[in-house]
Every structure is written in C-alpha cells, then in structure tokens.
There are 2 protein chains.
Amino acid sequence: MLNINQEENILKNRKVKPTAVRLLVLRQFMEVNKAISLKDLEQLLVHSDKSTIFRTLKTFEQQKLIHSVADGSGITKYALCLESCECEPKDQHFHFHCISCEMTFCLPKQSIPIVQLPPKFTLQQANLVLKGICANCN
Amino acid sequence: MLNINQEENILKNRKVKPTAVRLLVLRQFMEVNKAISLKDLEQLLVHSDKSTIFRTLKTFEQQKLIHSVADGSGITKYALCLESCECEPKDQHFHFHCISCEMTFCLPKQSIPIVQLPPKFTLQQANLVLKGICANCN
DNA sequence: GTTCTTGCAAAATATTTGCAAGACG
DNA sequence: CGTCTTGCAAATATTTTGCAAGAAC
C-alpha cells in the first residue's frame, strides 16, 4: 500500500531504519492523534516487546520524530512532531490535558508568549500544558 | 523562635496539623526556593521516613500549600504555592528548568498568554515550563 | 561477517499502600 | 479511648539495561 511507503519515507527522512516495530509505532502515533505513553503502546502493540518500544521511542525522540510530554499525570507521554511542531532550537510545545478522560492532545502552534526571565537565564524550549475538560467530556 | 511559630501558622491556616515532619518539610521548601522531589526531601531529611514525607507532600498538595511540577525530568517535583502562585480555580504555574544543573525554579507570576482552544474545551489550569540555562550555569 | 534490531529477563528507579506502634488530645 | 501521624516493610508502577539470538545489508 502507498500508506506504508509514506510511513517508510517519514522514517528514512529522519535517518531511522524503517523496521517492523518502528513502522507499527509510527502508525500508532499517526492514528491516535494524541500523546501516548509507553504503556499505551505496549497495550496497543501486543506483539512487540516493551523494551523494543521503549528504545523505539528514544530513537524517535532523538531524531525529532516525536517529543515527550510531561502532562502532570506522572507518566511520560509522547506525541508526534508535526509540521506545526518545530522541534528545533527554540522548541515550543502546547498540549491540552483533559482531567476527565486523561487524554493529552497537541494544540496547533501558536505564537509563544513573551515571558520575562531573570537576568542571565537563557531560553531553549517552552512547554505549555493546559488542563481542563476536552470537547468529548464537556 | 518566632520563625517556628510562623511556620506553624502557615500550616494551621491551611488546616494542616503542624507535626514535626510537616514542619521540617515546610521549612525545606521555604529554604530551598526551588522545586524539589520526594527523593530530594528524603536526602535532606534523613531522620524522616520516605512514606511519611510522601504523605506529607500529598497533604500539602491537597491543601494547596504546594503544587506539583512536571518539568520533564521524569521525577515529580513540588514547589511552594507563594502569594504569587494562585492555586485557585484558574491555576497558572510558571517554572524554569535548567537543563544543565537540573534545578527547577518558580518564576514570578505573569499573565498567562491567551491561547486559543478548540471549541468546547474549557480551561482550568495552565502550566508553562521553560527550559534553558540558568544564571548559575551561564 | 559486521552492524543494527529485537525479545526476554531482570535491574534500577519512583511511587504508593498496609499495618501496627506511637503521639496527641 | 479515638483519631491522626509515623516508621517499617513491602507492593506496585515505571523506566532502563544486559545479553544473546536473529535480521538486514
């Protein structure tokens, strides 16, 4: 299928060898459209090993295919880096965490707020996590 | 000392019985002036038990004396709720995480950026974590 | 064959709970 | 006494690594 080739290309573009598990993990990210944890993936991909998925996440993260999201749930989640997500020198990540269904979504990119830092502090990345109730739960 | 009474009052004001461990934990928060983890406290308060400190943190959090900080380090940290930190319906937390020394500081309150949420999403809290290099490491 | 990936097991790290003894009123 | 707090031990959850077998090139 063309789809598979597309996913393969995504990986190749980031210098990640498109192995079976990696394609499965990438596909999950593309399908769910929200931030998911290692455990989530474990349960979605019952035939792949936890540690393999773990290392896949680290590889993806390193190659900027995904980024980690600390949404305060205590479990590290990961989300796809879309075009609207610039995983570059000055990262900016916006996420919404629903305190009802516990889902975490990426929000479309918006301009970063101007925040005053104390003297001599230099900024590299900004993560904004908004919490509340999502449309489904409202 | 007057100081102790002051700390006792802080606890009493939040309906928390000022026990020995609680006073020690509160004092640590007031002294360090940054976000600290359970493990940090364990090491600072060698004579207090881990689980007691843990429950103290939960109690403090519930009574809005402290709030948790997900700074992406993988370890949950906690920081004092100062006057500048309104742990109320519309929470806003600003933190700075130094990727060099791994310290996490509370930033003084600033107005939260206006962020456009998708339809039917309602906002209750906003957490902004900025990452970079702090003054000490710069 | 050499390098990279995978699965299994297990280690390492973090968080949380059960329970009985003790403190406090 | 009765309630709340504490320490100890241990369970649970989460993240991470070692290693040998297998796949890819």
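In this text the structure is predicted, and so the values were computed from the model without any measurement.

About the thresholds
Residues numbered from 1 in each chain as written. Chains lettered and ligands numbered in written order. Predicted model: local features only at pLDDT ≥ 70, side-chain atom pairs only at ≥ 80, totals over all residues. Heavy atoms only, no water. Near = heavy atom within 4 Å. Polar contact = N/O pair within 3.5 Å; in protein donor to acceptor, adjacent residues only side chain to side chain. Pairing = 2+ DSSP bridges. Helix = DSSP H or I, 4+ residues; strand = E, 2+ residues; numbered from the N terminus. Phe/Tyr/Trp six-rings, centres within 6.5 Å; stacked < 30°, edge-to-face > 60°. Buried < 20%, exposed > 50% of the residue type's maximum accessible area, 1.4 Å probe, protein only. Contact = heavy atoms within 4.5 Å. Buried area = accessible area lost by both parts, 1.4 Å probe. Salt bridge = Lys/Arg side-chain N within 4 Å of Asp/Glu carboxyl O. Nonpolar A, V, L, I, M, F, W, Y, C, P; charged D, E, K, R; others polar. Least-squares fit on C-alpha atoms with pLDDT ≥ 70 in both. Axes fitted to C-alpha atoms, helices over the stretch in contact; angles between N-to-C directions.

Novice: In this structure, what is going on with the protein's contact with DNA strand C? I would like to understand it.
Specialist: Residues in contact with DNA strand C amount to 18 residues; listed here are only the nearest, Thr19, Arg22, Ser51 and Arg55 of chain A together with Phe54 of chain B. Each atom of DNA strand C within 4 Å of the protein belongs either to a base or to sugar and phosphate, the latter forming 59%. Arginine 22 of chain A has a polar side-chain atom sitting 2.5 Å from a phosphate oxygen of DNA strand C. The side chain of arginine 55 of chain A places a nitrogen or oxygen atom 2.7 Å from a base oxygen of DNA strand C.

Novice: Would you mind showing me how to read the sheet that holds strand β3 (residues 77-80) of chain A here?
Specialist: Backbone hydrogen bonds hold the strands of a sheet together, and the pairing may be parallel or antiparallel. All names here are of chain A. If you trace the three strands from one edge of the open sheet to the other, you get β1-β3-β2, paired in antiparallel fashion. At either margin of the open sheet sits one strand with a lone partner, and together these are β1 (36-37) and β2 (66-69). Where β1 and β3 come together, two bridges link them in antiparallel fashion. Of the residues in β3, the one forming a bridge with isoleucine 36 is tyrosine 78.

Novice: Where do I start with the packing of aromatic side chains in this structure?
Specialist: Tallying each qualifying case throughout the model produces four aromatic pairs over all chains. For the ring pair phenylalanine 96 of chain A and phenylalanine 121 of chain B, a centre distance of 4.8 Å and an interplane angle of 75 degrees mean the geometry is edge-to-face. Note that phenylalanine 96 of chain A is positioned in strand β4 (residues 91-98) and phenylalanine 121 of chain B in the loop between β5 (104-106) and β6 (122-133), a pairing that runs across two chains. Summarising the burial analysis for this pair, phenylalanine 96 of chain A and phenylalanine 121 of chain B share the class buried. Through successive ring pairs, a cluster of aromatic residues spans Phe96 and Phe105 of chain A together with Phe121 of chain B.

Novice: Help me understand the interface of chain B and chain A in this model?
Specialist: Interfaces are often described in size by the accessible area the parts lose on coming together. Tallying the contact residues gives 32 residues for chain B and 32 residues for chain A. In total, about 2,700 Å² of surface goes out of reach between chain B and chain A, with carbon and sulfur atoms giving 64% of it. In this structure, the connection of chain B to chain A is made through zero salt bridges. Our enumeration of links across chain B and chain A arrives at ten residue pairs in polar contact (both at pLDDT 80 or more). Looking at the side of chain B that touches chain A, the elements with two or more residues in it are β4 (91-98) and β6 of chain B. Element by element, the count of residues in the side of chain B that touches chain A is highest for β6 of chain B, at twelve residues. By residue class, the composition of the side of chain B that touches chain A is 21 nonpolar, nine polar and two charged. In this structure, strand β6 (residues 122-133) of chain A lies alongside β6 of chain B, joined through eleven bridges in antiparallel fashion.

Novice: Which parts of the structure should I look at to understand the protein's contact with DNA strand D?
Specialist: Near DNA strand D lie 18 residues; those nearest to it are Phe54 of chain A together with Thr19, Arg22, Ser51 and Arg55 of chain B. Among atoms of DNA strand D positioned within 4 Å of the protein, sugar and phosphate together represent 61%. Within the side chain of lysine 39 of chain A, an N or O atom sits 3.3 Å from a phosphate oxygen of DNA strand D. Here aspartate 49 of chain B contributes a backbone N or O atom positioned 3.3 Å from a phosphate oxygen of DNA strand D. Of all the elements in the fold, those that place two or more residues in the surface near DNA strand D are α4 (50-62) of chain A together with α2 (20-32) and α4 (50-62) of chain B. Ranked by the residues each element gives to the surface near DNA strand D, the list is headed by α4 of chain A, at five residues. Of the residues in the surface near DNA strand D, the class split is three nonpolar, six polar and nine charged.

Novice: Looking at this model, I keep getting lost on the relation of the copies chain B and chain A. Mind explaining?
Specialist: The second copy of the chain is related to the first by a rotation about an axis and a shift along the axis. The transform that puts chain B on chain A rotates by 180 degrees and translates by 0.0 Å along the axis, for an RMSD of 0.1 Å. Within this description, the copies of the chain are treated as partners about a two-fold rotation axis. Among all residues of chain B, the one whose C-alpha sits closest to the rotation axis is leucine 128 of chain B, at a distance of 2.1 Å.

Novice: Sorry, what's going on with the side chain of lysine 77 of chain A here?
Specialist: Residue and element names in this part refer to chain A. Inspection of the secondary structure puts lysine 77 in strand β3. Only 3.0 Å separates the side chain of lysine 77 from the backbone oxygen of glutamate 102, close enough to count as a polar contact. Once residues within four sequence positions are removed from consideration, lysine 77 is found in contact with Ala35, Ile36, Ser37, His67, Ser68, Val69, Asp71, His97, Glu102 and Thr104.

Novice: Even after reading the chapter, I still don't get the sheet that holds strand β3 (residues 77-80) of chain B, so can you show me in this structure?
Specialist: Residues and elements named next belong to chain B. With antiparallel pairing, the three strands of this open sheet are ordered in space as β1-β3-β2. Only two strands of the sheet have a single neighbouring strand rather than two, namely β1 (36-37) and β2 (66-69). Along the sheet, α2 contacts β1, β2 and β3; its crossing angle with β3, the most-contacted strand, is approximately 80 degrees. Together, β2 and β3 form the strand contacts of α4, whose direction differs from that of β2 by roughly 110 degrees.

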